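Structural overview for review
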Amino acid sequence: MTTPFSPPLYMQRYQFVIDYVKTYRPKKVIDFGCAECCLLKKLKFHRNGIQLLVGVDINSVVLLKRMHTLAPLISDYLQPSDGPLTIELYQGSVTEREPCTRGFDLVTCVELIEHLELVEVASFSEVVFGYMSPGAVIVSTPNSEFNPLLPGLRGFRNYDHKFEWTRAEFQTWAHNVCRDYGYSVHFTGVGEAVGHWREVGFCTQIAVFQRNFHDSMSNAERLEPSVYRLMYKVVYPSLSDNNIYQRTLVNEVLYEAQHLRQEWLSRMDSSNNAHFCAPPLMHLFQHGAEGGTRDWQPVYQQGGTICVPLACVWSSPRVRALCGSVQRLRQELLEDERVRMSADGTVLNLPAAEEEEEEKEVEEEEDVKAVSVVANSVEEDWDRELGCCGNI
Amino acid sequence: MTGRARARSRGRGRGQEPAAPGAQPSVQQEAAKPVMHTPPEGQLVGRGRQKPAPGAMSEEAMLQISAGFQQVKIGERGGRRRDFHDSGVHTRQLMEHVKESKTGVSGTAIELRANFMRLLSRPLWALYQYHVDYKPPMESRRLRSALLFQHEETLGKAHTFDGAILFLPNKLHNTETVLCSETRNGEKVEITVTLTNELPPSSPVCLQFYNILFRRILRILNMQQIGRHYYNPDDPFNIPQHRLTIWPGFVTTILQYESSIMLCTDVSHKVLRSETVLDFMYSLRQQCGDQRFPEACTKELVGLIILTKYNNKTYRIDDIAWDHTPNNTFKKGDTEISFKNYFKTQYSLDITDGNQVLLVSHVKRLGPSGRPPPGPAMLVPEFCYLTGLTDKMRADFNIMKDLASHTRLSPEQRESRINRLISNINRNADVQNELTTWGLSFENRLLSMNGRVLPSERIIQGGRAYEYSPWTADWTKEMRGLPLISCMSLDNWLMFYTRRNADVAQSLLQTLNKVSGPMGIRMQRAIMIEYEDRQESLLRALQQNVARETQMVLVILPTNRKDKYDCVKKYLCVDCPTPSQCVVSRTISKPQALMTVATKIALQMNCKMGGELWSVEVPLRQLMIVGIDCYHDTSTGKRSIGALVASLNQGMSRWFSKCVLQNRGQEIIDALKGSLQAALKAYLKYNNSLPSRIIVYRDGVGDGMLRSVVDYEVPQIMQSIKTMGQDYEPKLSVVVVKKRISSRFFARIDGKIANPPPGTVIDTEVTRPEWYDFFIVSQAVRFGCVAPTHYNVVFDSSGLKPDHMQRLTYKLCHMYYNWQGIVRVPAPCQYAHKLAFLVGQSIHKEPNMNLDDFLYYL
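Quick caveat, the model's predicted, so the values are computed rather than measured.

1. Topic: the domain arrangement of chain A
Assigned domains within chain A: domain 1 (9-236) and domain 2 (242-269 + 298-351). Centre-to-centre, using C-alpha coordinates, domain 1 of chain A lies 47 Å away from domain 2 of chain A.

Next comes the structure, spelled out in structure tokens:
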């Protein structure tokens, strides 16, 4: 089937979900019929606060093949995100009740229901709306009224479609669901025809359901799957993991402190004037924005130590972004063994001199034991041994 | 592998079943049927080497196998087909004298452990290859596999299918199985599964299969693939000062080794940087100012490899598009989209600096399904992470120290890291599950084996001989106060210094005088010349003062900045051939170290002028040793530089050296052929005869390049020798030397895990059955793990016993004059490396031929 749409229709469907996520910021999202995990992969980038992303498909082979595309990228480790993210993939059917699928904020069923037999649609409704009862459900399905506009199409759009609904049929089903399970719905879609053809509606019709009642499940503890089979699970590195947070913060602080130290040392070197050092412009500027340079303290030397006041490090935007307050920063740093701080926690101590390349000769101890005998002093002649001394 | 399985792998398949063409004949069998891979015509023409191939392996069978081989791409990333393990290069069978045995006898036995694990398979294990046919034919690969695996109960859980070829660990009941499937819209499809091959455990396809399986295992263990290796992202360490992140990981390969299929695994580290190219540009701009920024930026960035933030791809920066910013647009499909919008909609990435210039990378990778490369890629600096270490970082002692403290592992630490991987493999249920469905497992401990420690050599110097401590492998102390073999007297020499270094220059001169006496070097006072601390004035000073009769030029450099060093070397190696010695003032500024430094300088200057320091006994006469190495110059258009160094005398103390710059599209050996002839002529001049034996040590052969050495370089070397006279037929051996290998050995000394002592030879178990190869641990290291060197004798008409080959090689590791101890490779390789490096780093031109007979590049 050629796509008269640009961007292609499937992209528009994904974009619809992404836009929804951007507006409503669900924390837990489950995608039924995730197949090649394309939507999950997109949502992984367009997170907007998603913390749990689950994909379910009945076909485990597809999942196995594609699951590693959901693994964190190298950059996710290099620059951990602020919020946590866990991705899980299950093999299972939307017509089965699985306890661990309850308590979600959003369920997406993109082009799924038309692959079910009509009898299965009923149990699908019961499972998704009645049993899982998520905060919102996005269901998309072909609008059969649009079909005459698709060039060369006979029958259904896909060989595996069991039905294709008109707008009225889809809306009847949706309203019944709302009545039975306490949801409200509005209809929209993607892929519009032009001109007077607009009347046939969207190529893909979409129903967005909102739950009418408050649900107590959303904060419930996550359960182990009992019906579905867990195929893949990955926890993304994030700053909400304490170890990662600590490590990132300390790295940033040490980077900043080392640079201030280096800057100070090179200025000392060039001016040889140890009494005064002006704050670097960048810092002045930032502090200006903070309301004056009153609390600005210079880097100074004390014996073999370069002292970098915590306030200097605090002025780094990166450190600020990581740490809400100087107090917290101090607390975090005092706990870390990689950072040397003054007793009152106001100054970072760094060594003044770089360690020199050691060039001293280490006199090896004499009592090394002999590993093997020294070659015997009898002169060898390999040529003769080989019997080819003749030609010499 | 079990004994029975192995026995079967030697022979053909059982009874009526199709033969297994992938079977790798063991050595014994090869002896009976010598030629499995017939070298192309006109190559390797030696005595008794041109027997016709008895049909152990028909050409067609080989083709069939390699066709299957190429199609096995289960879960493999990238389309690279290069064989990094050099399998299929069968050189041993062509050398009569090592067919039976390639092991030596000298030395004392030592118990070792190696970083190898045996792969075990259940008895009679084989991989069954099936051809799968669909009626009616099915186009979609996905559909094909979905239809086939409706029959999982027939086919079993473990399977690997690429759309046409199916691999199973179990044999189906019938040779031909017909299955019926139904598509979702009710179409009936008949699937015929036909057995085409029964692959024994050691067949090439199986080996590739194991490697793919093992990668799967590493992925299950949550390791990240970067390049060819796997790293653990959950346990990084950082060097915050430079925003470096280091991931520990493993290099792994599963191959057929001497007696069994084993997994070789070594610890590896990946340096990543949490600094984007934009960060780097900012700080560079701050450092050098707006004016010089474009030039500096190009110089620093071009050639670097970057990693993109939004996928795991790496690119080489080839250029900077100064006229492009993220607001420029590109064509995506048939709409124009700006980079800014693209990244926003595609990856939800915001560009903070709209004025950053873009990077250009000329992508060489082919487009999807072999289409031509899509043209240069434009990259946004903000989304590109720098990778690896820059030269600047490498030169920074403190960074390297920090790095080493994490990456340099003691033998004990290294062994325990590897053991931890082994126990992870054995403990992880998913991994075990994956392995057992395939009927495979790994032995859960490292391989124990025996090596031999060669006797230490006697160092001969000035008519006397002494021994060195075998553990330190160093004779700095022993040689103190002993005269050298031959000394060049310094009658006419110059010392250049800057005003600031006038004092250190004087004290160096005095100390040189003091230390040179006991060595036997007569030294006249140097002519002292002061130069201004600028490159031009240094050059001018050289031009004005260095004369034809000048024997040596010593330059004291104020800093270790490369430009002045390059300037000295360029002028004195090319324009005005004179031995020269550079020394950075800092090195000689510490009075307590001056004696040691001056001694080293005196020795080095003596070598550069043609003096000889020490020697070892070489019990072969009329022998010429040749060392070849290359240097790949990335800065000047990736031109390679080849260096050839050949011995001129019995004591291996005089060397002929030649360096050539490779032309585009030329093999390095083509350029070196002339050098080899020149070396033979020099030998003739010195000895009044040509050598009757030539042994070539070829270093700098990359992974997967062995085939071209065997098929191309060896015949070229022979041709080159032939030009010396039709009846001149010296015995020739060609040994490929490899330093970058992942084999490691551990010894147990005083109950502690330690490095094997220098002189340890390993020539069993972990060597390759199809090669005449061995390992030698020649140097001693004070920290970390010693790295063994791998020697692969790819051609040998010398008839030398393996024991002699090993000992000769070890002896040559004693002969590098820039180090008073044993080095990692035979001296000629080390010399060739040094020469190629000097030319590639500093001179960029062929050195003047008047210097050929001197070790001027030390």
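2. Some thoughts on the domain arrangement of chain B
Each assigned domain of chain B is listed with its residue range as follows: domain 1 (127-199), domain 2 (226-407), domain 3 (487-609) and domain 4 (615-851). If you average the C-alpha positions of domain 1 of chain B and of domain 2 of chain B, the two centres end up 42 Å apart.

3. Some points on the environment of Lys 739 of chain B
Residue and element names in this part refer to chain B. Tracing the backbone shows Lys 739 in the loop between strand E34 (731-738) and strand E35 (745-749). What makes Lys 739 partly exposed here is its relative accessible area of 27%. Lys 739 sits 52 residues away from Tyr 791 along the chain, and the two C-alpha atoms are 9.0 Å apart. For Lys 739, the contacting residues outside a window of four places in its chain are Asp 629, Asp 699, Pro 788, Arg 824 and Val 825.

4. Topic: unusual backbone geometry
Residue and element names in this part refer to chain B. Pro 136 follows Lys 135 through a cis peptide bond whose omega is -5°. Even without being glycine, Ser 348 reaches a positive phi, approximately 60°. By the element assignment, Ser 348 lies in the loop between helix H8 (339-347) and strand E18 (358-361). Among the residues examined, Ser 348 registers a relative accessible area of 24% and is labelled partly exposed. In this structure, Glu 765 is a non-glycine residue whose phi angle is positive, near 60°. Topologically, Glu 765 is positioned in the loop between strand E37 (760-762) and strand E38 (772-777).

5. Side note on the sheet that holds strand E3 (residues 127-135) of chain B
Residues and elements named next belong to chain B. Taken in spatial order, the five strands make up an open sheet running E4-E5-E3-E7-E6, and their pairing is antiparallel. Among the strands making up the open sheet, the edge pair consists of strand E4 (160-161) and strand E6 (176-182). For E4 and strand E5 (residues 165-168), the ladder comprises two bridges, and the chain directions are antiparallel. Note that in E5 the partner of Thr 160 across the bridge is Phe 167. Across the sheet, helix H4 (residues 141-148) touches E3, E4, E5, E6 and strand E7 (188-199), and the angle it forms with E3 is around 110°.

6. Focus: H8 of chain B
Those residues of H8 of chain B that fall on the buried side of the exposure criterion are Phe 339, Tyr 342, Phe 343, Gln 346 and Tyr 347 of chain B. What you see down the axis of H8 of chain B is that its buried residues fit within an arc of 90°, all on one side. Looking at the buried positions of H8 of chain B, the neighbouring elements they touch are helix H2 (38-45) of chain A together with strand E16 (329-332), strand E17 (335-338), E18 and strand E19 (377-379) of chain B. The first or second residue beyond H8 of chain B is Ser 348 of chain B, which carries a positive phi of 60°.

7. Regarding the packing of helix H17 (residues 668-687) of chain B against helix H18 (residues 706-722) of chain B
Residues and elements named next belong to chain B. Between H17 and H18, the least distance of the axes is 9 Å, while the angle of their chain directions is 30°. In this structure, H17 meets H18 at a crossing whose hand is right-handed. In contact with Ile 668, Ile 669, Asp 670, Lys 673, Leu 676, Gln 677 and Leu 680 of H17, H18 contributes Tyr 712, Glu 713, Gln 716, Ile 717, Gln 719, Ser 720 and Ile 721. A class-by-class count of the residues in the contact of H17 with H18 yields seven nonpolar, four polar and three charged.

8. Considerations on the pattern of salt bridges
As enumerated under the stated definition, the model contains 45 salt bridges over all chains in all. Of the charged contacts in the structure, one is a salt bridge between Arg 316 of chain B and Asp 318 of chain B, with a shortest N-O distance of 2.5 Å. Given a relative accessible area of 28%, Arg 316 of chain B falls into the partly exposed group. Lys 738 of chain B serves as the salt-bridge partner of Asp 703 of chain B, at 2.7 Å between the closest nitrogen and oxygen. With Asp 703 of chain B in the loop between strand E33 (693-698) and H18 and Lys 738 of chain B in strand E34, the pair connects residues that are 35 residues apart, well separated along the chain. Taken together, the shared-partner salt bridges in this structure form one network comprising Glu 252 and Arg 318 of chain A together with Arg 243 and Asp 279 of chain B.

9. Quick notes on helix H19 (residues 802-812) of chain B
H19 of chain B sits mainly inside the fold: 11 of its 11 residues count as buried. All of the buried residues along H19 of chain B are Pro 802, Asp 803, His 804, Met 805, Gln 806, Arg 807, Leu 808, Thr 809, Tyr 810, Lys 811 and Leu 812 of chain B.

10. So, the pairing of strand E2 (residues 52-57) of chain A
Residues and elements named next belong to chain A. Within E2, six of the six residues are buried, which leaves the element mostly enclosed by the surrounding structure. Burial along E2 is two-sided: Leu 52, Val 54 and Val 56 facing one way and Leu 53, Gly 55 and Asp 57 facing the other are all buried. Here five bridges tie strand E1 (residues 28-32) to E2, and the two strands are oriented parallel to one another. Residue Val 29 lies in a different strand from E2, and its bridge partner there is Leu 53. In the sheet, E2 pairs with strand E3 (residues 86-91) via six bridges, with the strands oriented parallel. Counted as the bridge partner of Val 56 is Tyr 90 from E3.

Conventions used here
Residues numbered from 1 in each chain as written. Chains lettered and ligands numbered in written order. Predicted model: local features only at pLDDT ≥ 70, side-chain atom pairs only at ≥ 80, totals over all residues. Heavy atoms only, no water. Domains from an automatic or database assignment. Helix = DSSP H or I, 4+ residues; strand = E, 2+ residues; numbered from the N terminus. Buried < 20%, exposed > 50% of the residue type's maximum accessible area, 1.4 Å probe, protein only. Contact = heavy atoms within 4.5 Å. Pairing = 2+ DSSP bridges. Axes fitted to C-alpha atoms, helices over the stretch in contact; angles between N-to-C directions. Arc of directions from axis to C-beta. Left-handed = near helix turned anticlockwise from the far one by under 90°. Nonpolar A, V, L, I, M, F, W, Y, C, P; charged D, E, K, R; others polar. Salt bridge = Lys/Arg side-chain N within 4 Å of Asp/Glu carboxyl O.

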